[in-house]
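# Descriptive structure summary
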Amino acid sequence: MLFRFLRYLQRKMGASKLSGMQKQVLSLYRGFLRAARSRPTEDRKRIEMIVSTEFRHNSKEVDRKNFQYIEYLLRLGTKQLDQLKSPDIVSLSSIKVVTSKT
């Protein structure tokens with residue numbers, strides 16, 4: 001799954017080598033997958049699905065030149081990963097926010 005995501009990211013970016021920020025994103029993604037492995041099977045699958053969906057969504061929706069927003073997402077993701085690693089946290093949830101373009 002990680003290698004498919006890596007290939008997808010490389011195709012999207014059109015580069016053979018990854019930048020420092022791309023490496024940070026992949027490291028964060030791998031961190032979530034590692035943290036998910038420490039959870040029960042049902043939670044692990046749910047966490048992997050949420051993480052995969054969020055990363056794919058952001059890879060399609062976020063302009064790759066918007067470095068400030070990408071850095072913000074990296075900081076947010078790092079905080080969420082730290083929370084997920086905490087033994088006090090039971091699971092991960094996701095909320096979908098729909099905004100109208102008026």
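Report follows, based on the coordinates. (Residues numbered from 1 in each chain as written. Predicted model: local features only at pLDDT ≥ 70, side-chain atom pairs only at ≥ 80, totals over all residues. Heavy atoms only, no water.)

This part covers the overall build of the chain. Check the secondary structure of the chain and you find four helices and zero strands. When the elements of the chain are put in sequence order from the N terminus, they spell out α-α-α-α. Evaluated residue by residue, the chain yields a buried proportion of 30% over its 102 residues. A sequence separation of at least 24 residues applies to 66% of the contacts in the chain between residues at least 6 apart. (Helix = DSSP H or I, 4+ residues; strand = E, 2+ residues; numbered from the N terminus. Buried < 20%, exposed > 50% of the residue type's maximum accessible area, 1.4 Å probe, protein only. Contact = heavy atoms within 4.5 Å.)

Ranked by internal contacts, the top residues of the largest apolar core, which has 16 residues, are Leu28, Phe32, Val51, Phe55 and Leu74. Elements represented by at least two residues in this core include exactly α2 (20–37), α3 (41–61) and α4 (67–85). Among the elements that line this core, the one with the most residues is α2, at eight residues. In this structure, Leu28 is in contact with Phe55, Leu74, Gly77, Thr78 and Leu81, ignoring residues within four places of it in sequence. (Core = buried A, V, L, I, M, F, W, Y, C linked by side-chain atoms within 4.5 Å.)

On to α2, then. Residue pairs three or four apart in sequence face the same way in an α-helix, which turns once every 3.6 residues. Counted at 1.5 Å a residue, the expected span for α2 with its 18 residues is 26 Å, and the 26 Å between its end C-alpha atoms agrees. What α2 keeps buried is the set Met21, Gln22, Val25, Leu26, Leu28, Tyr29, Gly31, Phe32, Leu33, Ala35 and Ala36. (Expected span 1.5 Å × (residues − 1).)

Our next topic: the packing of aromatic side chains. Under the counting rule described, the total for this entry stands at three aromatic pairs. Ring geometry for Phe32 against Phe55: centres 6.4 Å apart, planes inclined by 75 degrees, an arrangement best described as edge-to-face. Here the residue Phe32 occupies a position in helix α2, and Phe55 occupies one in helix α3, the gap between them amounting to 23 residues. Note on accessibility: Phe32 and Phe55 belong to one class, buried. Clustering of aromatic rings is evident, with ring pairs tying together Tyr29, Phe32 and Phe55. (Phe/Tyr/Trp six-rings, centres within 6.5 Å; stacked < 30°, edge-to-face > 60°.)

To describe two helices that pack against each other, one gives the angle between their axes and the distance between the axes. In the contact formed by α2 and α4, the axes pass within 10 Å of each other and the chain directions differ by 20 degrees. Judged by the inter-axis angle, α2 sits roughly parallel to α4. The chirality of how α2 crosses α4 is left-handed. Counted together, Met21, Gln24, Val25, Leu28, Gly31, Phe32 and Ala35 of α2 and Phe67, Ile70, Glu71, Leu74, Gly77, Thr78, Gln80, Leu81, Leu84 and Lys85 of α4 form the full contact between these two elements. Residues that form the contact of α2 with α4 fall into these classes: ten nonpolar, five polar and two charged. (Axes fitted to C-alpha atoms, helices over the stretch in contact; angles between N-to-C directions. Parallel < 35°, antiparallel > 145°, perpendicular 65-115°, else oblique. Left-handed = near helix turned anticlockwise from the far one by under 90°. Nonpolar A, V, L, I, M, F, W, Y, C, P; charged D, E, K, R; others polar.)

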